[in-house]
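Given next are the chains, with one letter for each unit.
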Amino acid sequence: MSKPKVAFYWCASCGGCEETVVDLAEDILGVVEKVDIVLWPVAMDFKYKDVEAMPDKSILATLLNGAIRSTEQEEMARLLRRKSQYMIAYGACAHLGGIPGLANQFTREHILKFNYEDGPAMANEKKTRPQLVTEENGRTPRLPALTNVVRSLDQVVEVDYYVPGCPPTPKITRAAVTALLENRLPPKGSVIAPDIALCNECPRKATKPANISFREFKRPHQAIMDPEKCFLAQGVVCMGPSTRSGCEAACISGGMPCTGCFGPTSRVHDQGLKIMSSLCSNLEPKDEQGISAVLQGIPDPIGTFYRYGLAKSLLRRKVNLPTD
Amino acid sequence: MSDSTTKTPDGNWTPRIVAFFCNWCTYTAADLAGVSRMKYASNIRVIRLMCSGRVDPQFVVDAFAKGADGVLIGGCHPNDCHYVEGNYKCLRRYQMLKRMIADMGIEPDRLRLEWISAAEGEKVRRVVNEMVETVKQLGPLGIPAKFEQWDKEIDALAEHVAASEGAGAAGSSGQNKPQTAHTAHV
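Notes on the structure in this doc start here. (Residues numbered from 1 in each chain as written. Chains lettered and ligands numbered in written order. Predicted model: local features only at pLDDT ≥ 70, side-chain atom pairs only at ≥ 80, totals over all residues. Heavy atoms only, no water.)

Details of the overall build of chain A
On a plain count of helices and strands, chain A comes out with 11 helices and seven strands. For 324 residues, the compact-globule estimate of 2.2 N^0.38 gives 20 Å, and chain A sits close to it at 22 Å. Summarising its shape, the C-alpha atoms of chain A cover approximately 65 × 55 × 30 Å along the three principal directions. Long-range pairs, those at least 24 residues apart, make up 75% of the contacts in chain A with a sequence separation of at least 6. In chain A, the 39 positive side-chain charges and the 36 negative ones have mean positions that sit 4 Å from each other. (Helix = DSSP H or I, 4+ residues; strand = E, 2+ residues; numbered from the N terminus. Rg over C-alpha atoms; globule rule 2.2 N^0.38 Å. Contact = heavy atoms within 4.5 Å. Lys, Arg positive; Asp, Glu negative; His and termini not counted. Charge placed at Lys NZ, Arg CZ, Asp CG, Glu CD.)

So, the sheet that holds strand 7 (residues 161-163) of chain A
Residues and elements named next belong to chain A. Spatially, five strands are ordered 2-1-3-5-7 in an open sheet, and the strand pairing comes out parallel. Bordering the open sheet on either side are strand 2 (36-39) and strand 7, each of which pairs with just one other strand. On average, adjacent strands in this sheet sit at an angle of 30° to one another, irrespective of strand direction. Where strand 1 (residues 5-10) meets strand 3 (residues 59-65), five bridges bridge the pair, whose relative direction is parallel. Of the residues in strand 3, the one forming a bridge with F8 is L63. (Pairing = 2+ DSSP bridges. Axes fitted to C-alpha atoms, helices over the stretch in contact; angles between N-to-C directions.)

So, the pairing of strand 5 (residues 84-90) of chain A
Residues and elements named next belong to chain A. Of all seven residues making up strand 5, five are buried, and the element is well covered by its neighbours. Sheet topology note: the strand 3/strand 5 ladder contains five bridges and is parallel. In the strand pairing of strand 5, A61 is matched with Y86. By the bridge criterion, three bridges tie strand 5 to strand 7 in an arrangement that is parallel. Within strand 7, the residue paired with Y90 across the bridge is V163. (Buried < 20%, exposed > 50% of the residue type's maximum accessible area, 1.4 Å probe, protein only.)

Notes on the nonpolar core
One finds F217 and F305 of chain A together with V60 of chain B to be the most contacted residues of the largest nonpolar core, which totals 91 residues. The dominant element in this core, judged by the number of residues it contributes, is helix 3 (residues 86-103) of chain B, at seven residues. If near-sequence neighbours (up to four positions away) are discounted, F217 of chain A is found in contact with G235, V237, L279, L283, V294, L295, G297 and I298 of chain A. Grouped together as the second largest cluster of nonpolar side chains are 23 residues, M54, I68, L80 and V159 of chain A included. (Core = buried A, V, L, I, M, F, W, Y, C linked by side-chain atoms within 4.5 Å.)

With respect to the packing of helix 10 (residues 288-295) of chain A against helix 3 of chain B
Put simply, helix 10 of chain A and helix 3 of chain B touch, their axes get as near as 10 Å, and they point 55° apart. The pairing of helix 10 of chain A with helix 3 of chain B is recorded here as oblique in orientation. The two elements helix 10 of chain A and helix 3 of chain B meet at a crossing, and its hand is right-handed. Mapping the contact onto sequence places E288, I291, S292 and L295 of chain A in helix 10 of chain A and L91, R92, Q95, M96 and R99 of chain B in helix 3 of chain B. The class makeup of the residues in the contact of helix 10 of chain A with helix 3 of chain B is four nonpolar, two polar and three charged. (Parallel < 35°, antiparallel > 145°, perpendicular 65-115°, else oblique. Left-handed = near helix turned anticlockwise from the far one by under 90°. Nonpolar A, V, L, I, M, F, W, Y, C, P; charged D, E, K, R; others polar.)

Regarding helix 9 (residues 271-281) of chain A
Counting buried residues along helix 9 of chain A, nine of its 11 residues qualify, which places the element largely inside the surrounding structure. Those residues of helix 9 of chain A lying buried are Q271, G272, L273, I275, M276, S277, L279, C280 and S281 of chain A. Next to the buried residues of helix 9 of chain A lie helix 10 and helix 11 (301-305) of chain A together with helix 2 (57-65) and helix 3 of chain B.

Regarding the packing of aromatic side chains
Counted by the stated rule, this structure contains six aromatic pairs over all chains. Ring geometry for F214 of chain A and F217 of chain A: centres 4.5 Å apart, planes at 35°, overall tilted. We classify F217 of chain A as buried; its relative accessible area is 5%. Here R48 of chain B stacks its cationic end above the ring of Y27 of chain B, 5.1 Å away from the centre of that ring. (Phe/Tyr/Trp six-rings, centres within 6.5 Å; stacked < 30°, edge-to-face > 60°. Lys NZ or Arg CZ within 6 Å of the ring centre and 35° of its normal.)

Digging into the side chain of T304 of chain A
All names here are of chain A. Note that T304 resides in helix 11. Among the polar contacts listed, one links the side chain of T304 to the backbone oxygen of D300, at a separation of 2.7 Å. Ignoring anything within four residues of it in the chain, the contact list for T304 reads V237, M239 and I298. (Polar contact = N/O pair within 3.5 Å; in protein donor to acceptor, adjacent residues only side chain to side chain.)

Concerning helix 6 (residues 108-118) of chain A
Given 3.6 residues to a turn, an α-helix orients residues that are three or four positions apart in the same direction. Residues of helix 6 of chain A that are buried include every one of R108, I111 and E117 of chain A, and no others. Each element contacted by the buried residues of helix 6 of chain A is listed here: strand 4 (68-70) and strand 6 (146-151) of chain A.

Remarks on the pattern of salt bridges
Enumeration over the complete set of coordinates arrives at 29 salt bridges over all chains. Its salt-bridge partner being E153 of chain B, residue R151 of chain A comes within 2.9 Å of it at the nearest N-O pair. Separated into two different chains, R151 of chain A in strand 6 and E153 of chain B in helix 5 (residues 143-165) make up a pair that spans both. For R151 of chain A, a relative accessible area of 1% corresponds to the buried category. A single salt-bridge network, built from bridges that share partners, covers R112, E114, K123, R126 and E130 of chain B. (Salt bridge = Lys/Arg side-chain N within 4 Å of Asp/Glu carboxyl O.)

Some points on a nonpolar patch on the surface
A cluster of nonpolar side chains, contributed by L132, V133 and L143 of chain A, occupies part of the molecular surface with about 260 Å² of accessible area. Among the structural elements, L132 of chain A can be located in the loop between helix 6 and strand 6. (Patch = residues over 30% accessible without salt bridge, like charges linked within 9 Å, V, L, I, M, F, W, Y side chains within 5 Å. Areas by Shrake-Rupley, 256 points an atom, 1.4 Å probe, with all protein chains shown as cover.)

Quick notes on the sheet that holds strand 4 (residues 44-49) of chain B
As a general point, the strands of a sheet are linked pairwise by backbone hydrogen bonds and lie either parallel or antiparallel. Residues and elements named next belong to chain B. Overall, parallel pairing links the four strands, which are arranged 4-3-5-6 in an open sheet. Pairing within the sheet leaves two strands with one partner each, and these edge strands are strand 4 and strand 6 (111-115). On average, each strand axis in the sheet is inclined to that of its neighbour by 20°, with strand direction left out of account. Lying over the sheet, helix 4 (residues 121-138) contacts strand 3 (17-22), strand 4, strand 5 (70-75) and strand 6, oriented at roughly 170° with respect to strand 6.

So, in structure tokens, the structure goes:
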């Protein structure tokens with residue numbers, strides 16, 4: 001019997017998710033023994049036409065990381081969806097839009113202008129920008145177009161499973177791959193991580209106060225932190241209460257608060273609003289000015305509460321931006 | 001809220017406002033306005049909650065995302081909350097939510113919080129009428145139509161991909177119906 005085929009693909013991502021596959025270390029050998037990798041652009045040489053030539057559904061699973069923000073990424077997502085039995089959104093960007101999703105606060109024109117003209121490190125006097133079609137020595141190279149909106153994978157194609165995290169940890173990657181190969185898959189649409197908030201597995205759980213009452217919000221660089229005490233008890237925004245567990249509190253163990261990369265649990269529709277609701281309702285002041293003064297300690301609520309989830313939030317994108 | 005705008009019989013746009021009123025004060029005040037036969041604008045859809053502290057910011061933003069042009073929250077006056085602290089929790093969330101919706105491109109005046117006691121039927125009438133006027137000045141918000149507009153770019157590419165793949169693959173784009181945010185949370 002031939003081995004099941006697996007594809008890895010990347011879209012709008014930093015490459016950190018690919019690193020996690022490598023972080024499986026010697027366990028990767030066990031995986032490679034059991035599967036044929038038919039596409040993995042970061043590590044091996046395959047051509048898109050090789051994928052196009054495969055029969056539909058001939059790949060057991062595609063693990064796709066990165067958000068979808070260009071026509072090429074979207075075409076590949078559709079192609080791999082058709083060729084695969086299971087489409088797995090791997091990592092926070094494919095799952096929620098991730099860090100690239102924060103671009104949904106700006107227009108495409110704004111982003112291109114900043115990056116090719118106004119950026120402080122930019123020297124581009126002719127204001128040259130990438131052209132979708134150019135003529136050069138008789139060839140006509142084409143570039144993919146950026147879309148107006150950054151999307152999570154499931155906003156473009158149907159997704160069977162989600163492996164959360166920025167990046168997913170080797171442990172949950174191993175759990176997902178094992179479930180796939182042993183055909184012990186949870187119900188379709190599941191996020192392959194425990195459906196309970198991070199506080200549940202946090203080593204600082206014992207010091208989490210039953211009643212929190214913030215007098216101020218501090219950012220991690222503004223104070224010397226107690227390495228044993230719950231971040232919320234120290235007045236630092238920690239996304240743990242509204243974030244799914246499964247990372248074994250990796251950031252907190254490293255002395256930094258949770259920023260929410262595993263996304264919400266299944267009961268929450270909008271991770272950012274949920275944590276805002278929880279943190280901001282528990283302030284000490286009761287008068288408007290006092291409340292406002294404490295809330296100034298969170299200067300960028302969108303970037304703080306929607307660090308990874310803006311594209312999948314209820315509004316998805318700044319609503320008064322045009323599309324062109 | 002299937003269509004994104006509300007029209008009067010003569011075809012003009014008129015605001016659609018979702019109101020979250022607490023059971024003990026503001027809803028009772030709205031009841032009082034009713035039995036006192038006070039007239040106020042009919043643009044408001046009242047949802048009764050036990051406390052303004054129950055107004056999850058998700059409710060407010062979901063109302064906007066599903067087509068509301070404005071959201072009004074009504075609760076008990078400070079020190080009068082039936083549950084002691086609920087209205088303070090509401091006020092704190094409201095202040096941050098105002099900042100967040102502004103950052104997301106929604107005019108902050110589309111969201112209003114008012115303390116209205118059970119005896120203030122007249123205040124319900126005034127606040128509702130004022131809110132309707134404010135939102136009329138701002139015009140339609142129309143977020144569902146914006147979602148459709150944004151997704152035209154992927155629909156166009158889906159058609160292009162299906163066409164280039166030929167008849168053999170014609171069925172597959174239909175199977176793979178994407179899950180967009182506004183269909184995902186029903």
